[in-house]
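Read off the chains here:
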Amino acid sequence: MSRLRTFAAAASSVPITLFGLVLVTFLIGRVMPIDPIIAIVGDHAQNDVVEAARLQLGLDRPLAVQFWLYVKLLMQGDLGRSVMTSNPVTRDIAQYFPATIELATVAILIAVAIGIPLGVLAAVRRGSWVDHGVRVFCLAGHSIPIFLLALIGLLVFYATLGWTPGTGRSDVGLEGMVPDVTGFLTIDALLARDWESLRDACAHLVLPAGVLAYFSMAYIARMTRAFMLDALSGEFVITARAKGLSAARVIWRHAFPNIAVRLVTVLALTYAGLLEGAVVTETVFGWPGLGQYLTISLLNADMNAVLGATLVIGLSYLLLNLLADAAYRLLDPRVR
Amino acid sequence: MMTRPMLTSPMLTRPVLTRRAMLAASAAIVTAAEAPFARAATPAGVAVMAKQIDDVISFDPAESYEFTNNEVDGNVYRRLVGPNPKDNTRIAGDLAEKWEISADGKEFTFHLVKDAYFPSGKAMTAEDAAFSLHRVVMLNKTPGFILTQFGFTKDNVEKLIRATDAATLQMSLPIAQAPTFVLSCLSANVGSVVEKATVLANQVNGDLGNAWLKNHSAGNGPYQLTQWVASDHITIDANPKSNIPVGNKRVTIRHIADPSAQLLMLQKGDADIVRDLTPDQIKSVKASDGTSVTSSGQGSSVYVAMNMALPQFQKRQVLQAMKWAIDYDAIATNITPNTYVVSQSFLPSGLPGALTDKPFKKDVARAKALLAEAGYPNGFSVKMDTSSASPYGDIAQAVQADLAAIGINVELISGEQKQVITKMRARTHEMAILYWGTDYFDPNSNAQAFCANPDDSDASKLRILAWRNHFKDDQLTAMVEDAAKELDGEKRIGMYQNIQKIARERAPFIILLQKISTAVLAKGVSGFVIGPLPDYTKYADIKKG
C-alpha cells in the first residue's frame, strides 16, 4: 500500500511537469525571432494574405489568451493542425512516432544484448586485453559522431558489401503495399502476412538500428562495467567466492542483481534518448520518424507541430522515468 | 532510501553539429570513398528520384508556392498557356489551342482543346478553366496575387472570367495590361486547371476543395498525385486518360535529406535521378562512367541588400563602391561551383529581357575613390544578417572580406533564414544576404520586387524588396508600372532592359549569383530536363534504358 502511495505521488507530478513543458515550449515558440506567418504564407505573400493568416491562427491576440486557447484545446486532445503537413498534429504523431519507436526499440534491444555482457566481461577481466579492447570499442562508439557512423555504415554495408538495403523504411517496389494498421511496419506486415514486406522492413531496420545500437551500447557497456566493478568489490561477493561458488554464479546470481537497479535507470534514459534523439540517424537514413518531423517543424516555425512532438517526447520521458521508478522499487528490496 | 544515480542520457551529451558541418563532412567521406557504380535497377516503369522534399506544404495550385510542390503540380496539372518548349521566353498554347486579344489589351478569348481528359474520364471544358481561376482569386492564398494584381476580386471574378461555351473562355481585365504579362501569369502554377465536379464533390465548409487538394489532385496533366507522406515520399501515377505519353507509369520522389545518401542511392541503383548533390559530389560523379548531369539556370538570385534607412546607403557612391568591391568570380568559382553562376542583374539569365552582361568586377581603387567621394574615406562599420545555411554563410564571409579591403567593416549576424527574412520584412536590418525567386516567368515579377515602391510608409500595400530597404525611386517605380501596361511586346522588353541598367546604378542591391539547378541521372536514364522555374520541370519524358 505504501509502495502504491509512493508511486501515485510520483505519478501526480506528471501533469505539473507536462504543463511546465507546454508553457516553456509555447513561450519559446512565440518569442523566437521568426514570424511564424512567414512559414505559412512565404516571403512573397502580400499583406492581406499575411494578415488573414495571422487572424486565422489567432496570433493577433495577447500571448496569455493564445496560451489559454491552446491549453483548452489540448485538454480535449486537440494539438492543432500542422502548417507543414496540413494534418492534425495528433494524426502526424500517430504516423511518425511508430517509426521512431520501432527503430529505437530494435536499437535498444541490440544494445542491451551486446552492451551488458561486454560490460560484465570487461569488469570481470579488469586490466586485461579484453578490458582494453572493450574500452577502445566503446570509446569509438560513443565518441564518433553518429552521422559519421551512419555514413560509414551505409558506405560499407550498403554501398560496398551490399548486405543491407539503403535508406527509407522499405523498398520503392513495396511502398504502400502493407495496410497501415499500427504504424509499425514490421507488425503491420506480420498482421497482413506479407512475408516479403516483413523481410524488407526488417532488412531496412538493421543498419539504422545497428548504428543507434552501437552508440547506445557503448554507453551501456561502460556503465555496466563501472557498476559491476563496484559490485565485485563488495564484501558479499568476496563471501560468495570464499564459499567456493563458481565464477558464473558469483557474477550472475550475486553481483549482477545488485547492479540491475542502477542499470534500469541507465536503460530507461538511454531508450528515452533514442526516442527523441535519433534525429541525425533519421536524417541520414531518410527515416520518417518523430525526430525528423520535429526538426523540420522547428525549421519551418510550425509551432503546433513542435509543441505536439515536444509534448509526446516529454511524456515518453516521464513515463519511462515512472516505469524505471516502479522497476527500481520492485528490484531493490531495500526501498520496499 | 537510496538515491538514484544521476545520469545523463547519452543523447543529450553528444557533440552538437551544424547542418553545414555535417553535410560537408559527409560529402567528403562519400566522395572520397567513391563506391563503385554497381547499379541494380529500380522497378520497371517506376522512376525513382531522391530529393529534399521537406518544403512541401500543399499541392493545391491555388496555394502551392514552394519548389517541390510546384514542380509536381507542373506534371499533374496543365494550364491554358505555357512556355514554348523551344524557347522558354515565349508563350505557347497548352490547353488553349489559340487565343485572341482585343486591341485595347483588355479582352482575352481563349479557344480550348477538346481532348484534355481528367483521370475521371471527363474532358476538360471552359467551365473547369473558369472555375479554376475563380477559386484562386476567391481563396486568395499566397500565390493569389499573381491573378489579383490584374484587378480581379472575389466580387468581380465570376463576371470577368467566364465560359461562353464549352470550349471558349472569356477573360476581361478591369485595366489594360501588357498581354505578355497576363499570359506569363496564366502560365504560372495558379493558372492550373482543376476538374470542377471532382473538386466541388470534395468541398468542406465552402473551402472550394482547398483541404482536399492539399494532398490530392484533380488535373488533366500526364500524372496524378497518388500519395504524399510529408518528408518521406511523393508518388505520382500516370493519368490513364491523358493523351500525353509518359516514359514511366509511376514517379516516386523520396525524401533523402543527406546529399551523400543520395549519391549512394545513385551508385547502388536505388535512385534513377538525384537532385541535391554538393558541388564536389557533382564533380566526382561527372567523371563516373555512364551517369549524366543535367542542369539549368533558375529564376532565383542571391543578393545583398542595403537598408537605405542608414545614411551611408543613401549615397549612391557608397552603393556603387560596394558593387565594385566584390570579387564575384571568386565567389562563384570557389564557393558555388556547379550550383551558382555570376549574375549582376535583377532579372536572372533566361527570363525575358534579362541583361546578361557583367559590368561589375573587383576594383579596390575605384571602390575606395567612390567611398571617399561619398565622404567616407575611412569606410564605416555595418551589420549584415545572413542565413547560416550553405552557401550563404560562406558567401557572406567572402563579401565581408571584400568590403573590408575598401574599409567597410562588416559584422556578420548569422541566423536561420526565416529569421533574416523576418528582420528584413520589419526593416530592422542594416544589410542582409538572401535569395529571391521570381514568382512567375515575366520580368514584372522581379522588376516590381527590386524597383517599385510607390509608398515608403508603414501603411504601404506593396511591401516587397524595395520597400523593405527604403528604396524609393519614383522614376523607377513609374517605369515598372508603365512596362507592365505596355501592349507592344518588343518595346516592353526594351523598357525592362532600361530599368535594369538604372537599377544597377541606383538600387541598394548587389546582385551576386544566379542559382543553377543540377540533377545527376543514372546510367541509361535520359529525358529529364530541369526547367527555369520548378513548374517547368517535366517528368513525362524520363526514360530508363
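These figures come from a predicted structure and were not determined experimentally.

Here's the deal with the layout of surface pockets
Residues and elements named next belong to chain A. Put simply, the second largest pocket is a space of about 1400 Å³. For the second largest pocket, the lining is made up of 47 residues, of which Ile40, Gln56, Leu57, Arg81 and Val83 are closest to its centre. Top element by residues in the lining of the second largest pocket is helix α3 (residues 47–56). It accounts for 6 residues. Grouping the amino acids of the lining of the second largest pocket by side-chain chemistry returns 21 nonpolar, 14 polar and 12 charged.

A short note on helix α13 (residues 328–335) of chain B
Residues and elements named next belong to chain B. Those residues of α13 that sit buried are Tyr328, Ile331 and Ala332. Buried residues of α13 fall within an arc of 90° about the axis and therefore sit on the same side. Projecting away from the buried face of α13 at angles above 90 degrees are the exposed residues Asp329, Thr333 and Asn334.

What about the nonpolar core?
If you look at the biggest cluster of nonpolar residues, it comprises 264 residues, and the most contacted ones within it are B:Phe110, B:Phe313 and B:Leu512. A per-element tally of this core places helix α9 (residues 195–232) of chain A first, with 19 residues. With residues near it in sequence (within four places) discarded, B:Leu512 still touches B:Val302, B:Tyr303, B:Val304, B:Ile326, B:Tyr328, B:Val341, B:Val342, B:Ser343, B:Ile395, B:Val399 and B:Ile433. Counting residues in each nonpolar core, the second largest holds 7 residues, with A:Ile37, A:Val41, A:Ala53 and A:Leu59 among its members.

Here's the deal with the interface of chain A and chain B
Counting residues at the interface gives 73 residues for chain A and 65 residues for chain B. Around 6100 Å² of area is buried between chain A and chain B when both sides are counted, 62% of it from carbon and sulfur atoms. One can count 0 salt bridges joining chain A with chain B. At the boundary of chain A and chain B, one finds 7 residue pairs in polar contact (both at pLDDT 80 or more). The element that contributes the greatest number of residues to the side of chain A that touches chain B is helix α11 (residues 247–277) of chain A, accounting for 9 residues. Considering only residue class, the side of chain A that touches chain B consists of 36 nonpolar, 25 polar and 12 charged.

Regarding the confidence of the model for chain B
All names here are of chain B. Residues of chain B with pLDDT of at least 70 account for 92%, and the chain-wide mean is 90. This stretch, residues 1–23, has a pLDDT under 50; its non-local contacts, to residues over four places away or in other chains, come to 54 contacts. In this model, residues 27–39 is a region of pLDDT below 50 whose contacts with residues beyond four sequence positions or in other chains number 35 contacts. Taken over the whole predicted complex, pTM reads 0.81, whereas the ipTM for its chain interfaces reads 0.73.

About the thresholds
- Residues numbered from 1 in each chain as written.
- Chains lettered and ligands numbered in written order.
- Predicted model: local features only at pLDDT ≥ 70, side-chain atom pairs only at ≥ 80, totals over all residues.
- Heavy atoms only, no water.
- 1 Å grid on protein atoms, 1.4 Å probe; cavity = no way out; pocket = protein on both sides within 12 Å on 5 of 7 lines; lining within 4 Å.
- Points joined across faces, edges and corners; volume = space filled by probe spheres on them.
- Helix = DSSP H or I, 4+ residues; strand = E, 2+ residues; numbered from the N terminus.
- Nonpolar A, V, L, I, M, F, W, Y, C, P; charged D, E, K, R; others polar.
- Buried < 20%, exposed > 50% of the residue type's maximum accessible area, 1.4 Å probe, protein only.
- Arc of directions from axis to C-beta.
- Core = buried A, V, L, I, M, F, W, Y, C linked by side-chain atoms within 4.5 Å.
- Contact = heavy atoms within 4.5 Å.
- Buried area = accessible area lost by both parts, 1.4 Å probe.
- Salt bridge = Lys/Arg side-chain N within 4 Å of Asp/Glu carboxyl O.
- Polar contact = N/O pair within 3.5 Å; in protein donor to acceptor, adjacent residues only side chain to side chain.
- pLDDT = per-residue confidence, 0-100.

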